[in-house]
Amino acid sequence: MQQTRRRIRRPGTLGALAVITLATLTSASSVLPGSSRSTAGPIATAEESALEPCRLTSTTGVQMSEGVPTPSGYVRSTGEIRALNLMIDFPDAEGAGSALDRFAEFFPQTEQWFATSSYGRLVYRPETPLPGWLRMPMAFSAYGIDRGSPYEPGYRQLVQDIVAATDHRVDFSSYDLVNVLVTPNAGPSALDTVLSVTFSGNHEAPYADGVPLANTSFVYSRQDDGSGTYSETGYRVLPHENGHVFGLPDLYTSEGGGAVGHWDIMSEDWGANNDFLGWHKWKLGWLDNDQIQCAAATGSSEYDLTPLAIKGGRKLVVAPLDSESGYALEVRTRAGNDEAVCKPGVLIYHVKTDVDTGQGPVAVADSDKNSGGCTRRPNVHAELSDAPYRPGETFTDQKNRIRITVLAENANGTYRVRITRS
Ligand SMILES: [Zn+2]
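Residues numbered from 1 in each chain as written. Predicted model: local features only at pLDDT ≥ 70, side-chain atom pairs only at ≥ 80, totals over all residues.

1. Section: the overall build of the chain
Along the chain, the regular secondary structure elements total nine helices and 18 strands. Classification of the 422 residues of the chain by burial places 51% in the buried group. Relative to all contacts within the chain whose residues are 6 or more apart in sequence, the contacts with residues 24 or more apart total 72%. (Helix = DSSP H or I, 4+ residues; strand = E, 2+ residues; numbered from the N terminus. Buried ≥ 20, exposed ≤ 12 C-beta atoms within 10 Å, placed from the backbone. Contact = placed C-beta atoms within 7 Å.)

Next up, the structure:
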């Protein structure tokens, strides 16, 4: 039943439209106001040349890519960022109760989620300079907003109306991103259609206080799975949407969450908490280059990996296949933001930087295919829940002549893996 619901709320043809990025404009962003805030991800230095084969690049022609580093135009993903939160309602959907109660559906959990996932590197400061509902001048229905709606014309009108309604009481230039928290009675239930969307890197957005509202997330309805956990899990749509303003693509596809399962919040943002993939943490600058190991050479080599949820240590092994694809390995355990892990071990996944958002840029390798998985939690993709490899298990890609074996789980909680390339 939840599978069906998930498929409905993530329709494939619309999934690719869920994120609008204007990659062609980002190269010109250095002349636009606010561009000093628009870098994200690690930058290569000479002594890190050993990592170069593993720094899978962004490909031109892909709107929103898994490539490292993230192109400019998105929000900086380390240090302190200020998030402007505006709660809006409409003449035909008046906000019930306090607008700050709507805000409290997402905070402080969202800032805590980022603090945990980033090992404290992203300090997320949510602000509500206007604590009441901002009434839009037109009925919600008049904006013509539906799932997959493009920016033009409905969202441009809505953003212009939001700017006008703030009536110069907000200095947009002092914020890094904007969250528009829509009254939950506007539009369909998220159980039927998820409208929540982020427009990121969009420097053609309306300007206010000299800056474009280039990175803006809109959250609608309530992602309530009916299990009674809304107050603990309902906020998770916001870290997902904000993931886009930091340059991350959607990992779910027209098939739903079958490519990555519950191993990244860009794949599944309903139900039990989950984290980002290690690849995303490297891309966001939350892992240092010396926490990444590059398995580019022919032959056999062994690596130790510390669990992703624990601060410090070696986190990721990357085995590149070419300049735009490769395997990544990391250890996932039930800790930190990962509360639904039922088979801890080494997660192996294929990263493809030439595959666009919503088209399957990441695919997790399942150690136990067609097993049905090990979880029964609602809104957690079951089949891939037991995807990690345990000691003694081997992943083989014959075509690319690569074999990955988990050798041991060490007494200190690290895992030892061997990669053989021929
Ligand atoms: Zn998304």
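2. A look at the sheet that holds strand β18 (residues 415–421)
Strands sit in the order β11-β18-β17-β16 across an open sheet of four strands; the sheet is antiparallel. One side of each edge strand has no neighbouring strand; the edge strands of this open sheet are β11 (299–305) and β16 (394–397). Pairs of neighbouring strands in the sheet enclose a mean axial angle of 15 degrees, with direction left out of account. (Pairing = 2+ DSSP bridges. Axes fitted to C-alpha atoms, helices over the stretch in contact; angles between N-to-C directions.)

3. Some words on the environment of P378
In this fold, P378 is placed in the loop between β15 (362–364) and β16. When the C-alpha positions of P378 and S227 are compared, they lie 7.7 Å apart, and in sequence the two are 151 residues distant.

4. Section: the sheet that holds strand β12 (residues 316–322)
Sheet architecture is open: five strands sit in the order β10-β12-β13-β14-β15, paired in mixed fashion. Of all strands in the sheet, those bounded by a partner on one side alone are β10 (292–294) and β15. The mean angle between the axes of side-by-side strands here comes to 25 degrees, regardless of whether they run parallel or antiparallel. Judged from the three bridges that link them, β10 and β12 form a sheet pairing that is parallel.

5. A look at unusual backbone geometry
Across the junction of V68 and P69, the peptide omega takes the value 0 degrees, indicating a cis bond. Note on placement: P69 falls in the loop between α3 (23–26) and β2 (79–89). Residue F107 is joined to P108 through a cis peptide bond whose omega torsion reads 10 degrees. Assignment of secondary structure puts P108 in the loop between α4 (99–103) and α5 (109–117). With a phi angle near 55 degrees, Y119 is a residue other than glycine that sits in the positive phi range. Along the chain, the position of Y119 falls in the loop between α5 and β3 (122–127).

6. Some words on α5
Buried within α5 are the following residues: T110, W113, F114 and S117. The buried residues of α5 all sit within an arc of 95 degrees when viewed along its axis, so they share a single face. Against β3 and α8 (237–245) lie the buried residues of α5. Count one or two residues on from α5 and you reach Y119, which has phi positive near 55 degrees. (Arc of directions from axis to C-beta.)

7. A few points about the nonpolar core
Membership of the largest hydrophobic core comes to 98 residues, with the highest contact counts inside it found for L329, V346 and Y349. Top element by residues in this core is β2. It accounts for six residues. Counting residues domain by domain, this core receives three or more from each of domain 1 (2–38 + 75–245) and domain 2 (278–421). (Core = buried A, V, L, I, M, F, W, Y, C linked by C-beta atoms within 7 Å. Domains from an automatic or database assignment.)

8. Thoughts on α8
Of all nine residues making up α8, nine are buried, and the element is well covered by its neighbours. Every buried residue belonging to α8 is among V237, L238, P239, H240, E241, N242, G243, H244 and V245, and all of these are buried. At the C-terminal side of α8, G247 shows a positive phi close to 100 degrees.

9. Quick look at the environment of Y143
Mapped onto the elements of the fold, Y143 is located in the loop between β4 (134–135) and α6 (151–166). Classification of Y143 by C-beta neighbours within 10 Å gives buried; the count is 20. Each C-alpha atom of the pair Y143 and R156 lies 9.4 Å from the other, and the pair is 13 residues apart in sequence. If near-sequence neighbours (up to four positions away) are discounted, Y143 is found in contact with M138, G154, Q157 and L158.

10. So, the pairing of strand β9 (residues 216–219)
Burial along β9 is two-sided: the face carrying T216 and F218 and the face carrying S217 and V219 are both buried. Sheet topology places strand β5 (residues 177–182) next to β9; four bridges connect them, and they run parallel. Bridge pairing in β9 places L181 opposite V219. Strand direction decides the pairing type here: strand β6 (residues 197–199) and β9, joined by three bridges, are antiparallel. Residue pairing in the sheet places T198 in a bridge with S217 of β9.

11. Examining the environment of V317
For V317, the location among the structural elements is in strand β12. Classification of V317 by C-beta neighbours within 10 Å gives buried; the count is 25. For the pair V317 and D304, spaced 13 residues apart in sequence, the C-alpha to C-alpha distance is 9.0 Å.

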